[in-house]
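Listed below are the residues making up each chain.
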Amino acid sequence: MATLSDMENGAPHVSPSDVSQPDVSQPDGGRPDVSHPDGGRPVVPAAEVPMGGGPRAGLPAAVPPAAVPPAAVPPAAVPPTAEAARAALEAVAESKALLVARMRRGPRWYNPVYGALCGLLVLSFGLPKPWFVGGVVLSAIGLGVLAGTYRKRTGIVLGAGNPRPRGIYPWLIAVLVVSGGASYLDGHHGFPLGVPLVAVVAGVACSVLSRRYDAALFALLESDDDGEARP
Amino acid sequence: MTGRFDEVIHAPQRLRIVAMLAPVAGLEFATVRDALEVSDSVLSKHLKVLEDAGYIKVQKAKRSGRTWTSASLTRAGRTAYDGHVAALRAIVAGDGS
């Protein structure tokens, strides 16, 4: 026999043999409900009835799953008033200003050192193999130490995941690929003096691009625009 | 960008956290804590909520005998943040809800 509330919830009545322990979650300690027409046998609330466990002996035919109420549904988000939205946008702008202040704390020598390490990388492409490997390893370690120092000073993690401003990256990659290729050709095909020249040019270009990257990022963060525009 | 109001992000401290994480690859825990002027435990709770929502990724690294914690925005978090800011702008402009 199912109670009315059970019928409404789509939950079948459970026989006493299925409920051996009193329901301690109830304020009355799970005492039988003597006012109940079926003798006050304890009834498992609908939420506690196992779902999808298959039919149980002695129970009515399976209740359609659609009749079971869904689990707790989160309340719909209530949009704020215009004033609250304006305050939230101001908080966003303040946070970005704090970030810019942090970035400006970065070491002044960051960009020149970054350029020098890029120059070393380009230089190594024009050198014989043992020197090539040494140059690549040294520049990679140097870039790692540089990023670590920047992180320690500013709390900002540098990495490939840094999403903005992306407009600088293609230029940086182009400089490294073209100068690296030129360095290789110079070093391995008869113009060794061209290798340091190309390396210096590449180093200066990377330093300038790194500085421009900072400027573009600061401008983006200080502007009202919040991420859709890419300098 | 289509605005989509996000209740997880809209909580004041969480909005500031996500706004700071959006333009960078990641931030140190201490940097965010100092910027927000909150305790470690309060920040941890907010980061947990954002992490559970799949909006940020918290990473821990051992260096010099200390554990350094950093947080970064995921792609889903960036999308949610951009949409939320667009929704806020639409509300301020009076043409959104």
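Provided above is the structure to which this section pertains.
Residues numbered from 1 in each chain as written. Chains lettered and ligands numbered in written order. Predicted model: local features only at pLDDT ≥ 70, side-chain atom pairs only at ≥ 80, totals over all residues. Heavy atoms only, no water.

**Examining the environment of Arg-105 of chain A**
Locating Arg-105 of chain A in the fold gives a position in the loop between α2 (82-103) and α3 (110-125). C-alpha of Arg-105 of chain A to C-alpha of Tyr-150 of chain A: the two residues are 45 residues apart in sequence and 8.9 Å apart in space. (Helix = DSSP H or I, 4+ residues; strand = E, 2+ residues; numbered from the N terminus.)

**Some points on the pattern of salt bridges**
All names here are of chain B. Going through the model one piece at a time under the given rule, you end up with 4 salt bridges over all chains. With a closest N to O distance of 3.2 Å, Arg-33 and Asp-34 form a salt bridge. The class of Asp-34 is partly exposed, set by a relative accessible area of 41%. When salt bridges that share partners are traced, they join Arg-33, Asp-34 and Asp-40 into one network. (Salt bridge = Lys/Arg side-chain N within 4 Å of Asp/Glu carboxyl O. Buried < 20%, exposed > 50% of the residue type's maximum accessible area, 1.4 Å probe, protein only.)

**Comments concerning the interface of chain B and chain A**
By a widespread convention, an interface's size corresponds to the accessible area lost as its parts come together. Contacts between the two partners involve 29 residues from chain B and, on the opposite side, 37 residues from chain A. Together chain B and chain A conceal approximately 2800 Å² of surface at their shared face, both sides included; 63% is due to carbon and sulfur atoms. Contact with chain A buries area across many residues of chain B, yet Pro-23, Arg-89 and Val-92 of chain B alone supply 19% of it, more than any other trio. The partner of Glu-28 of chain B in a salt bridge is Arg-151 of chain A, with the nearest N and O atoms 2.5 Å apart. (Contact = heavy atoms within 4.5 Å. Buried area = accessible area lost by both parts, 1.4 Å probe.)

**A few points about unusual backbone geometry**
All names here are of chain B. Even without being glycine, Glu-37 reaches a positive phi, approximately 55 degrees. Position of Glu-37 relative to the elements: it lies in the loop between α3 (29-36) and α4 (40-52). Taking relative accessible area as the criterion, Glu-37 reaches 73% and is therefore assigned exposed.

**Topic: the side chain of Arg-102 of chain A**
With respect to the element layout, Arg-102 of chain A can be found in helix α2. Among buried charged residues, Arg-102 of chain A stands out as having no salt bridge; its nearest opposite-charge side chain is Asp-34 of chain B, 4.0 Å away. Here the side chain of Arg-102 of chain A touches Thr-154 of chain A through a polar contact of 3.3 Å, landing on its backbone oxygen. (Lys, Arg positive; Asp, Glu negative; His and termini not counted. Polar contact = N/O pair within 3.5 Å; in protein donor to acceptor, adjacent residues only side chain to side chain.)

**Comments concerning helix α5 (residues 75-93) of chain B**
Under the 1.5 Å per step criterion, the end-to-end length of α5 of chain B is 27 Å for 19 residues, consistent within 8% with the ideal 27 Å. Residues Gly-77, Arg-78, Ala-80, Tyr-81, Asp-82, Gly-83, His-84, Val-85, Ala-86, Ala-87, Leu-88 and Ile-91 of chain B constitute the buried set of α5 of chain B. Taken together, the buried residues of α5 of chain B touch α2 of chain A together with α1 (7-10), α2 (12-21) and β3 (66-73) of chain B. Two residues or fewer after α5 of chain B comes Gly-94 of chain B, characterised by a positive phi angle close to 85 degrees. (Expected span 1.5 Å × (residues − 1).)

**Here's the deal with the side chain of Glu-28 of chain B**
Inspection of the secondary structure puts Glu-28 of chain B in strand β1 (residues 26-28). Its relative accessible area of 5% is what places Glu-28 of chain B among the buried residues. When residues no more than four places from it in sequence are discounted, the contact partners of Glu-28 of chain B are Arg-151 and Gly-155 of chain A together with Arg-63, Trp-68, Thr-69 and Ser-70 of chain B.

**Concerning the packing of α2 of chain A against α2 of chain B**
If you want to describe how two helices pack, look at the angle between their axes and the distance between the axes. Close contact between α2 of chain A and α2 of chain B brings their axes to 8 Å; oriented N to C, the two are set at 45 degrees. As summarised for this structure, α2 of chain A and α2 of chain B are arranged oblique, according to the angle between their axes. Note that α2 of chain A runs across α2 of chain B; the crossing there is right-handed. Residues Ala-88, Ala-91, Val-92, Ser-95, Lys-96, Leu-98 and Leu-99 of chain A of α2 of chain A lie in contact with α2 of chain B, whose contacting residues are Leu-15, Arg-16, Ala-19 and Met-20 of chain B. (Axes fitted to C-alpha atoms, helices over the stretch in contact; angles between N-to-C directions. Parallel < 35°, antiparallel > 145°, perpendicular 65-115°, else oblique. Left-handed = near helix turned anticlockwise from the far one by under 90°.)

**Points about the sheet that holds strand β1 (residues 156-157) of chain A**
Spatially, the 4 strands line up as an open sheet ordered β1(A)-β1(B)-β3(B)-β2(B), and their pairing is antiparallel. The open sheet is flanked by β1 of chain A together with β2 (56-63) of chain B, the only strands paired with a single partner. Along the sheet, α3 of chain B makes contact with β1 and β3 of chain B, crossing β1 of chain B at roughly 75 degrees. (Pairing = 2+ DSSP bridges.)

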